[in-house]
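Below are the chains, spelled out letter by letter.
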Amino acid sequence: MAKGTFSFKMNLDQILNKNTLTKEEIVLLLNLTDQNDQQKLFDRADEVRAFYCGDEIHLRGIIEFSNHCDQNCIYCGLRAGNSNLSRYRMNSEEIIETARAISNQGIYTIVLQSGEDRFYDTDLIAYIIYSIKQKSM
């Protein structure tokens, strides 16, 4: 059989309905090339997603409040050594007001995101979160 065509001892349906897969079974599934076999895999993945996650859509507001970072991770565009990036920081009131505006749109999960920026110490972050909870609920 051609590479990626199902040729395992157990049939594809049996593998797709197992709770735990071996490394070899995972590799086999990732290498499927037959469109019918791939569709079986995609259908099973969708069944598992629906079982664990349902069909609801959850919106989240993300506030990227600073792109300063003290770290220099090579893979990250925010890294300290990236001198081509125009840096910004939102002040606490801008962050709180942005969170309130998001909440007013019916989005009640808000993610605060930034680089590792020492400007925002524990007390300031606690104040921001406390204020968001007071003004957005």
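Worth saying up front: this structure is predicted, and the values here are computed from it rather than measured. (Residues numbered from 1 in each chain as written. Predicted model: local features only at pLDDT ≥ 70, side-chain atom pairs only at ≥ 80, totals over all residues. Heavy atoms only, no water.)

## So, the pattern of salt bridges
Enumeration over the complete set of coordinates arrives at eight salt bridges. Arg89 is the salt-bridge partner of Asp117, the closest N and O atoms lying 2.7 Å from each other. Taken together, the positions of Asp117 in the loop between strand S2 (110–114) and helix H5 (122–136) and Arg89 in the loop between strand S1 (61–66) and helix H4 (92–104) put the pair 28 residues apart, joining distant regions of the chain. The exposure class of Arg89 is partly exposed, given its relative accessible area of 37%. Each of the salt bridges in this network shares a partner with another, and the network as a whole consists of Asp46, Arg49 and Asp55. (Salt bridge = Lys/Arg side-chain N within 4 Å of Asp/Glu carboxyl O. Helix = DSSP H or I, 4+ residues; strand = E, 2+ residues; numbered from the N terminus. Buried < 20%, exposed > 50% of the residue type's maximum accessible area, 1.4 Å probe, protein only.)

## Regarding H5
Residue pairs three or four apart in sequence face the same way in an α-helix, which turns once every 3.6 residues. Helix length check: H5 (15 residues) gives 21 Å between terminal C-alpha atoms against 21 Å at 1.5 Å per residue, within 8%. Buried residues of H5: Ile128, Ser131, Ile132 and Ser136, and no others. Across the axial projection of H5, the buried residues extend over an arc of 105 degrees, all falling on one side. Of the residues in H5, the exposed ones pointing more than 90 degrees away from the buried face are Thr122, Asp123, Tyr130 and Gln134. In this structure, the buried residues of H5 make contact with H4 and S2. (Expected span 1.5 Å × (residues − 1). Arc of directions from axis to C-beta. Contact = heavy atoms within 4.5 Å.)

## A word on the confidence of the model for the chain
If pLDDT is low for a region, its predicted coordinates should not be looked at in detail. On average, the chain scores 91 in pLDDT, and the residues at 70 or more come to 92%. Ranking the elements of the chain by mean pLDDT puts H5 last, at 93, and S1 first, at 98. (pLDDT = per-residue confidence, 0-100.)

## Focus: helix H3 (residues 35–53)
Compared with an ideal rise of 1.5 Å per residue, which puts 19 residues at 27 Å, H3 spans 26 Å between its outermost C-alpha atoms and is within 8% of the ideal. Structurally, the start of H3 carries an N-cap: the backbone nitrogen of Asn36 is 3.1 Å from a side-chain oxygen of Asp34. (Polar contact = N/O pair within 3.5 Å; in protein donor to acceptor, adjacent residues only side chain to side chain.)

## Brief notes about the environment of Leu29
Mapped onto the elements of the fold, Leu29 is located in helix H2 (residues 23–30). For the pair Leu29 and Gln14, spaced 15 residues apart in sequence, the C-alpha separation works out to 12 Å. Sequence-distant contacts of Leu29, defined by excluding residues within four places in its chain, comprise Leu12, Ile15, Leu16, Leu21 and Leu41.

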